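# Coordinate analysis (summary)
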Amino acid sequence: MRVLLIGSGGREHALAWKLAQSPLLETLFIAPGNPGTAQCGTNVVLDVTRHAEVIAFCHSNGIGFVIVGPEAPLVAGLVDDLEAAGIKAFGPSKAAARLEGSKAFTKELCMEARIPTAAYARFTDLAAAKAYVLAQGAPIVIKADGLAAGKGVVVAESVEQALAAVEDNLGQGVAGAEIVIEECMVGEEASFFALVDGTHALALASAQDHKRVGDGDTGPNTGGMGAYSPAPVVTPAIEARVMAEIIRPTVDAMAKRGTPFKGVLFAGLMITETGPRLIEYNTRFGDPECEVLMPRLKSDLLAALLATVDGQLLNTVLDWSDEAALTVVFAAKGYPAKPETGTVIGVLDQVGAMAGVTVFHAGTKRRDDGALVANGGRVLAVTGVGGTIGEAKDKAYAAVHAIDWTGGFYRSDIGFRAV
Ligand code: AMP
Ligand code: GLY
C-alpha cells in the first residue's frame, strides 16, 4: 500500500518510523516531513491547506491511505474532502474534530453523557466573572479563550490570584475577550489514547507528559518537554474506568449525534481521589507522547489504523511491549517564547545507534551544505527503552548527553514522578 502521512513534528517521525516497519507498506510519503522522516520515506512539498492539491497528489501517486498527524488539517476538514474524493484517510471528520476544536462543544457533550469533568462557566463580562470567582472560591482555573488567546491557563491558588487573572483577560482595554472559569481538579495528570472506529474503542496505552518548560514543573507551558509510557498512575482498574466512564460514553454520544468519531482519541486526564476526570480532548496523537507509544507497540501500526477507518476494531488486538519508554525533548534555547533557530546540530548517527535509543526529529532542517540545523522550538525527541522507567530514563539521558548541540536545552528531571 502507498501511504501519505501529513505533518512535520516528532510525532510524525515516530509514526513514520513505525509505519516503515509494516509489511503492508509499499511506499511512504510524508508532507512536509523533516530530516528524520526522510530516513523512513520520501518527503514531499505540498500545501496541505489546499485540499485539492493533496487530492491531486494522491491521485497521481496511487496513494491508497492518508494519515493525518496534526490537528489543524483535521479541524479544516481534510479527512472529509479526501473521503469525498474516494481516498481512505485516518483521522476524524471536521464535525468530530470539534472535540478538540471547541471547548464549549466538549463540555456540553460531557454534561449530556454524564462524563466526569470540571464544572465550568463562560464569561465576557468582568463584573460577572469576578462575582463567580468570589462565589466559588479558590483554587480555581481561569482559561483565556477566543480572540484574547495566548494568556493561557492560570491555576489560581488564591481568590486574589484568580481575580487578577480575570482582570488581565477582561479588564479595561481588553476588547472582545472571553474566558472560561473552571473548577480546579486535584490529582495527577495522564494522557490516555484510544483508537475509535465510529462504534468501537480500543485502548492504546497511557503516557505522562511534562508541560512546563523547567525542572520541577516550573515556568511557562510548552507543547511538552518529555514523556514516558506506561503511566503508573493509570492502573488496570483506572484504565477500565476511563474506558467505561469517559471514552465509551463519548463514542456513543458522537455516534448518536450523527457525527461518529473515527481516529485516535487523546484524553487529557486528571486522576483524582474519586477516579479519572477529563481535562480536555485532543483528536490526534500527542507529541511527545507518540514518541514513547510507538517504540512500545509491537503490532503493525498500519494495519491498526486501517482497521480503525474500516470499522474493524472489534476484531483487532494490539500487542504492547512490557518495557517502558521515556523521551526527553531537546529544545532550542529561548523556547517557548523565542526559540533560536539555525544553530548546527552535530552528526547523530552514533547516538541513534546506541542500544535502546531512538532519536526522533521535530524542528530540524538540512541546510544546503548538508548540515543539520535547528528549525523550531522543540527540535529533537530522544527516546530510551528499558525494563523499567528508570532504565529507559538512563538510556535517554545518556543519548542526550552524547548529542553535540550547544544551541539547545532540556529538562533534567523527565520521569521524576515515576522514578
Ligand atoms: P489546557 O490548556 O486546557 O490543556 O490546560 C493546561 C493545563 O492546565 C493542564 O494540563 C492542567 O495542568 C491544567 N488544568 C487545566 N484545566 C484544569 C482544571 N480544571 N483543573 C486543574 N488543572 C487544570
Ligand atoms: N503533549 C500534549 C499534546 O500533544 O497536546
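These notes cover the structure that comes with them. Only a predicted model underlies this, so the values are computations on that prediction, with no experimental measurement involved.

### Comments concerning the layout of surface pockets
Roughly 310 Å³ of internal volume is contained in the second largest pocket. In terms of lining residues, the second largest pocket is bounded by 19 residues, among which Q39, L348, D349, V359 and H361 are the most central. Going through the elements one at a time, α1 (10-19), β18 (344-345), α12 (349-352) and β19 (357-361) are the ones with two or more residues in the lining of the second largest pocket. The biggest single contributor to the lining of the second largest pocket is β19, with five residues. Residues of the lining of the second largest pocket, tallied by class, amount to 10 nonpolar, seven polar and two charged.

### Observations concerning the nonpolar core
The biggest cluster of nonpolar side chains holds 37 residues, and the ones touching the most others in it are L28, F65, I67, L195 and F285. Top contributing element to this core by residue count: helix α11 (residues 301-309), with seven residues. Dropping the residues within four chain positions of it, L28 is found in contact with V3, L5, A16, L19, C40, G41 and T42. Counting 30 residues, the second largest nonpolar core, distinct from the first, contains L99, I115, M254 and A267.

### Notes on the sheet that holds β18
One open sheet accounts for three strands, arranged β18-β21-β20; its pairing is antiparallel. Either end of the sheet is taken by a strand with one partner, and the two such strands are β18 and β20 (364-366). Taken together, the two bridges between β18 and strand β21 (residues 372-374) define a ladder with antiparallel strand orientation. Residue pairing in the sheet places I345 in a bridge with L372 of β21.

### Remarks on the site of ligand 1
Around ligand 1 there are 14 residues in total, and E182, E183, M185, E189 and E280 lie nearest to it. A distance of 2.9 Å separates an oxygen atom of ligand 1 from a polar side-chain atom of E280. The protein chains hide 85% of the 480 Å² of surface that ligand 1 would expose on its own. Those elements that place two or more of their residues in the shell around ligand 1 are β7 (140-146), β9 (177-183) and β16 (275-282). Its residues assigned to classes, the shell around ligand 1 shows seven nonpolar, no polar and seven charged.

### Considerations on the pairing of strand β11 (residues 201-209)
With nine of nine residues buried, β11 is to be regarded as a mostly interior element. Of the strand pairs in this sheet, strand β10 (residues 188-197) and β11 are connected by five bridges, and their pairing is antiparallel. In the strand pairing of β11, V196 is matched with A201. The loop that links β10 with its antiparallel partner β11 comprises three residues; one of these, G198, has a positive phi angle of about 105°. In terms of strand pairing, β11 meets strand β14 (residues 226-229) through two bridges, oriented antiparallel. Residue pairing for β14: Q208 is matched across the bridge by Y228.

### Section: a negative patch on the surface
Where like charges cluster on the molecular surface, the negative patch consists of D322, E323, E391 and D394. Within the secondary structure, E323 sits in the loop between α11 and β17 (324-332). Residue classification places E323 among the partly exposed residues on the basis of a relative accessible area of 36%.

### Observations regarding the pairing of strand β15 (residues 262-272)
Where burial is concerned, most of β15 is hidden: 10 out of the 11 residues are buried. Strand direction decides the pairing type here: β10 and β15, joined by 10 bridges, are antiparallel. Note on β15: the bridge partner recorded for A194 is L265. Here β15 folds back onto β16, and the loop between the two strands holds two residues.

### Quick word on the environment of E160
As for its position among the elements, E160 is in helix α8 (residues 159-170). For the pair formed by E160 and A129, sequence separation is 31 residues and the distance between their alpha carbons is 13 Å.

### Some remarks on the packing of aromatic side chains
A complete count under the given rule lists eight aromatic pairs for this structure. With a centroid separation of 5.4 Å and 90° between ring planes, the pair formed by F29 and F57 is classed as edge-to-face. You can see F29 sitting in strand β2 (residues 27-32) and its partner F57 sitting in helix α2 (residues 51-60), a full 28 residues away along the chain. Both residues of the pair, F29 and F57, count as buried. Connected via pairs of aromatic rings, a cluster forms that spans F330, Y397, W405 and Y410.

### Some remarks on the site of ligand 2
In the vicinity of ligand 2, the contacting residues are D209, G223, F266, N282, R284, G286, D287, P288 and E289. Contact between ligand 2 and R284: an oxygen atom at 2.9 Å from a side-chain N or O atom of the residue. One of the backbone nitrogen or oxygen atoms of D287 is found 2.9 Å away from a nitrogen atom of ligand 2. Relative to its unbound accessible area of 200 Å², ligand 2 is 86% covered by the protein chains. Considered class by class, the residues forming the shell around ligand 2 number two nonpolar, three polar and four charged.

### Some remarks on unusual backbone geometry
The linkage connecting A138 with the following residue, P139, adopts the cis geometry, with an omega of -5°. Checked against the element boundaries, P139 lands in the loop between α7 (126-136) and β7. Backbone torsion omega between S229 and P230 reads 0°, so that peptide bond is classified as cis. Summarising the element assignment, P230 is placed in the loop between β14 and α9 (236-256). Even without a glycine there, the phi angle at R114 is positive, about 55°. Inspection of the secondary structure puts R114 in the loop between α6 (103-113) and β6 (120-123).

Cut-offs used in this document
Residues numbered from 1 in each chain as written. Chains lettered and ligands numbered in written order. Predicted model: local features only at pLDDT ≥ 70, side-chain atom pairs only at ≥ 80, totals over all residues. Heavy atoms only, no water. 1 Å grid on protein atoms, 1.4 Å probe; cavity = no way out; pocket = protein on both sides within 12 Å on 5 of 7 lines; lining within 4 Å. Points joined across faces, edges and corners; volume = space filled by probe spheres on them. Helix = DSSP H or I, 4+ residues; strand = E, 2+ residues; numbered from the N terminus. Nonpolar A, V, L, I, M, F, W, Y, C, P; charged D, E, K, R; others polar. Core = buried A, V, L, I, M, F, W, Y, C linked by side-chain atoms within 4.5 Å. Buried < 20%, exposed > 50% of the residue type's maximum accessible area, 1.4 Å probe, protein only. Contact = heavy atoms within 4.5 Å. Pairing = 2+ DSSP bridges. Near = heavy atom within 4 Å. Polar contact = N/O pair within 3.5 Å; in protein donor to acceptor, adjacent residues only side chain to side chain. Areas by Shrake-Rupley, 256 points an atom, 1.4 Å probe, with all protein chains shown as cover. Patch = residues over 30% accessible without salt bridge, like charges linked within 9 Å, V, L, I, M, F, W, Y side chains within 5 Å. Salt bridge = Lys/Arg side-chain N within 4 Å of Asp/Glu carboxyl O. Lys, Arg positive; Asp, Glu negative; His and termini not counted. Charge placed at Lys NZ, Arg CZ, Asp CG, Glu CD. Phe/Tyr/Trp six-rings, centres within 6.5 Å; stacked < 30°, edge-to-face > 60°.

Remember that the coordinates give geometry; whether it matters functionally is a separate question.
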